[in-house]
Amino acid sequence: MAASYRKADHGGGIGGLAAAVALSRFPDIEVSVFEAAKEFTEVGAGIGVWPRVWKLLAYLGLDDDLASISATKPTQDEVDTFIFRKADQPEGLDFYKLRSRGTLLRYHRPDVLQVLIDNLPAHCKTYFNRRLQTYTQDRAKGTVQLVFSDGSTETCNVLIGSDGIKSSVRRTMLTNKSEEAASKGKLEDAERFMQLIEPTWTGIVAYRALIPTQRLQDYKDAHPEMNIRIPQTNSTPIMYMGQHINVVVYPISSGKLINIGAFHAKPELAGTNFPGPWVETIPNDELLAAHDGWEPELQAILRCAYTPSRWAVHMAQPLESWVDGNVALLGDSAHAMSPQQASGAGQAIEDAYLLATLLGHRLTRIENINQVLNIYSDVRVPVATEVQHRSLVNGSYFGLQLEGLDSTREHDRLHEIGDAVVENWNWAWATTLDPSISEAVKRLEASQRPRAHL
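Residues numbered from 1 in each chain as written. Predicted model: local features only at pLDDT ≥ 70, side-chain atom pairs only at ≥ 80, totals over all residues. Heavy atoms only, no water.

- Going by the annotation in an unreviewed UniProt entry, the name recorded for the protein is FAD-binding domain-containing protein, with Ephemerocybe angulata given as the source organism.

This is how it looks when you write it as structure tokens:
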């Protein structure tokens, strides 16, 4: 078995708690979770779980609990996943039905978080109101000292920074790398590391809202002439599309709520500073005005939204490595991305599962933790970086942008956008993490083989 060591997880979101659950399966690993807030919380509304990720959740024994909070059941059969509809006009037009092999399960984020909390074993220690400020390392001893904003400290052998898009672990990691490069006279590298700390704006703003299903039903009953389709747990979600805009609408919480995500892209602004708060509650009138001229059905749905919010969608700048000594990044701190492949949380869960597999391996010891973390990073970085890119590409397709196609006139060619989406997205239901797990374990085992002496 691996030598006993303490692992600290900073950040109690979905990625951090998935890592805690996965690591807690190994009796020789002591897990502590440090959360900045006074309790575990999740921001955002809907979360998607593709078959690739569902398989990992089943490995962790979470499938029964997650199945109990969803009216949609997982399957490996081919299913209808989305209807694509051109909706930036008085009369909408369905133009494509996306089919996937396996269900895209849809959840309310707090529901998933609660399942993870419920599956944390009693021996996993959790601490609240502990906001990490920085960390230092004693590489000779293989320890990491955590320094919190209240002045308190803790010591562990592994620090996993799952502390979100504004990660203090990432900031400290890249600052350390910058200082090390500067000390060696590599000033360009030093500057590059510092420029990679802050996330960048994608040029996208997302309007998010939840609607009690009954409220939309009451609106439909009061306006029977509009013939509004009410999203049902067994109905195919609709993606309402327009020029550089898409609105996704689907039920969550066993059909009690309807999740709305309306994405507005200005590609020319990608990489600039967003002029205002990243997250802001807005009046419903602003949400309606942003979709003026769209078909009546969508406007009716938006009219029923409760307290919508506007989010500036940022992404983490891709890194070559997520590791600094015995410290590693996970989830949004490593690869925050546009949500338009419904894969941000899924990628965090993939990080957690593969990292736990390596840290719990019988060959992992305190002495080789850095080597193990580098294997994790080497295997996961290319995958997550590609998904980041694919998410942005999906967003452009959802906004009816396809090179060589004039979507305002060539309605008979709109199906080409659907075909492009499938080609860009089918990894989520056609592949698994298994090859990455096998590759990582083989690298670990190869690295520990005795070398012949000549």
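## Details of the UniProt feature "domain: FAD-binding" (unreviewed entry) in the protein
Now for step 1: Per the UniProt annotation, the sites labelled "domain: FAD-binding" (unreviewed entry) are residues 11–176 and 316–390.
Now for step 2: Secondary structure content for residues 316–390 is 56% helix and 7% strand, and the end C-alpha separation is 14 Å. (UniProt positions renumbered as here; feature names shortened; annotations may be inferred. Helix = DSSP H or I, 4+ residues; strand = E, 2+ residues; numbered from the N terminus.)

## As for the side chain of Thr103
Now for step 1: Summarising the element assignment, Thr103 is placed in the loop between β5 (93–101) and β6 (105–108).
Now for step 2: Residue class for Thr103 comes out buried when judged on its relative accessible area of 9%.
Now for step 3: In contact with Thr103, other than residues within four places in its own chain, are Val49, Trp50, Pro51, Thr72, Lys73, Pro74, Thr75 and Val79. (Buried < 20%, exposed > 50% of the residue type's maximum accessible area, 1.4 Å probe, protein only. Contact = heavy atoms within 4.5 Å.)

## Some points on the packing of aromatic side chains
Now for step 1: Under the criterion given, the structure shown has 15 aromatic pairs.
Now for step 2: Judged by centre distance (6.1 Å) and plane angle (20°), the rings of Phe82 and Trp425 are stacked. Within this pair, whereas Phe82 is found in strand β4 (residues 78–86), its partner Trp425 is found in helix α13 (residues 415–425), the two being separated by 343 residues in sequence.
Now for step 3: Between Phe84 and Phe95 the ring centres are 6.3 Å apart and the planes differ by 50°, which places this aromatic pair in the tilted class. With a gap of eleven residues between them, Phe84 in strand β4 and Phe95 in strand β5 connect regions that are remote in the sequence. Across this residue pair, the class does not change: Phe84 and Phe95 are buried.
Now for step 4: Above the plane of the ring of Phe193 lies Arg192, whose end atom (NZ or CZ) is 4.9 Å from the centre. (Phe/Tyr/Trp six-rings, centres within 6.5 Å; stacked < 30°, edge-to-face > 60°. Lys NZ or Arg CZ within 6 Å of the ring centre and 35° of its normal.)

## A look at the sheet that holds β4
By definition, the strands of a sheet pair up through backbone hydrogen bonds, in either a parallel or an antiparallel sense.
Now for step 1: The strand order across the open sheet formed by eight strands is β5-β4-β13-β14-β15-β12-β17-β16, and the pairing between neighbours is mixed. The sheet terminates laterally at β5 and β16 (279–281), the two strands that pair on one side only. Going across the sheet, the axis of each strand differs from the next one's by a mean of 20°, ignoring polarity.
Now for step 2: Two strands pair when backbone bridges link them, and β4 and strand β13 (residues 238–242) are joined in this way by four bridges, in the parallel orientation. Counterpart to Arg85 in the pairing with β13 is Tyr240. (Pairing = 2+ DSSP bridges. Axes fitted to C-alpha atoms, helices over the stretch in contact; angles between N-to-C directions.)

## Things to note about the sheet that holds strand β8 (residues 132–138)
Now for step 1: Ordered by their spatial adjacency, three strands build an open sheet running β8-β9-β10, and the pairing between neighbours is antiparallel. Across the chains shown, the open sheet's two edge strands, defined by having one partner strand only, are β8 and β10 (153–156). Neighbouring strand axes in the sheet, compared pairwise and without regard to direction, differ in orientation by 20° on average.
Now for step 2: Of the strand pairs in this sheet, strand β9 (residues 143–148) and β10 are connected by four bridges, and their pairing is antiparallel. Bridge pairing in β10 places Leu146 opposite Glu154.

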